[in-house]
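Breakdown of the fold
Here are the chains, one letter per residue:
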Amino acid sequence: MNKWAVLAALVMVLLLSYGADSSPADVQRHDAFVPGIYDLPKAVGGKVTGGPFSLTDHLGRPASDTDFRGQFMLIYFGYMSCPDVCPKGLQVVTEAMDVLGPAAGRVQPLFITFDPDRDTVALLADFVDNFHPRLLGLTGTKEQTLAAANSYDVDVSATYAAGNNLDYSMNHSAFTYLSGPDGKLRMMFRDGIDGKTMASFIVNVMNKETR
Ligand code: NI
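The structure presented is a predicted model; accordingly, all values stated were derived computationally and were not measured.

1. As for the overall build of the protein
A tally of regular secondary structure across the protein gives 6 helices and 9 strands. Scored against the burial criterion, the 211 residues of the protein give a buried share of 34%. In the protein, once contacts between residues fewer than 6 apart in sequence are set aside, the share between residues at least 24 apart is 69%.

What follows is the structure, given as structure tokens:
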């Protein structure tokens, strides 16, 4: 390689690391999934803490964060019309629950929509059927779902198609959040993690809690 090729390679590396939060290259780097890096609040400078939410589950029952005290919450924020990322993320949550075996009894998996205009209680009930049997789908008013997403610092923006205000796609961050029995955030998992790895981190967190 001549020096220009080396320079070009360096620029590529810089560009790739600049988009670190969402680039697949970063997601696949399993050495990044080291406990400590993902333990919070270190991972995001204390910005994400988790927090209260007050929503309605897919059976129409009220559901707030305090209902799940004493359990770990494994939370995925997303929207049902998502073509790829959200279904895949929920598949990983389902796999992690399966891998956990009996320990999964201490974990409540939650799908919280940030698209309540389209993701109604009735539609959510059908949707969650595709994933783990204990997955609860949560929706609410726009204010309620926004407050929930904000408490986990979820990044969302909608892109509207011309002429139809229910035809839009949403860009969003795609972390899975693990909160402890006190409702406070323990760990965030990047998009791209597999269920087995996620389960092993959940077990690590559980072991620390009971020590
Ligand atoms: Ni999505």
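2. Side note on the pairing of strand β8 (residues 176–179)
Where burial is concerned, the two faces of β8 agree: the one with Thr176 and Leu178 and the one with Tyr177 and Ser179 are both buried. Two strands pair when backbone bridges link them, and strand β3 (residues 72–78) and β8 are joined in this way by 4 bridges, in the antiparallel orientation. Within β8, the residue paired with Leu74 across the bridge is Leu178. Examined bridge by bridge, β8 and strand β9 (residues 185–189) share 4 bridges and lie antiparallel to one another. When the sheet's bridge partners are listed, Leu178 is paired in β9 with Met187. Linking β8 to β9, which pair antiparallel, is a turn of 5 residues; within it Gly183 sits at a positive phi near 85°.

3. As for the nonpolar core
In this structure, Ile75 and Ile202 are the most contacted members of the largest nonpolar core, which totals 45 residues. Listing elements by their share of this core, those giving two or more residues are β3, α3 (85–100), β4 (107–113), α4 (121–128), β5 (136–139), β8, β9 and α6 (195–210). In terms of residues, this core owes the most to one element, α3, which gives 7 residues. Other than its neighbours up to four places away in sequence, Ile202 contacts Phe72, Ala96, Leu100, Val107 and Leu178.

Rules and cut-offs
- Residues numbered from 1 in each chain as written.
- Predicted model: local features only at pLDDT ≥ 70, side-chain atom pairs only at ≥ 80, totals over all residues.
- Helix = DSSP H or I, 4+ residues; strand = E, 2+ residues; numbered from the N terminus.
- Buried ≥ 20, exposed ≤ 12 C-beta atoms within 10 Å, placed from the backbone.
- Contact = placed C-beta atoms within 7 Å.
- Pairing = 2+ DSSP bridges.
- Core = buried A, V, L, I, M, F, W, Y, C linked by C-beta atoms within 7 Å.

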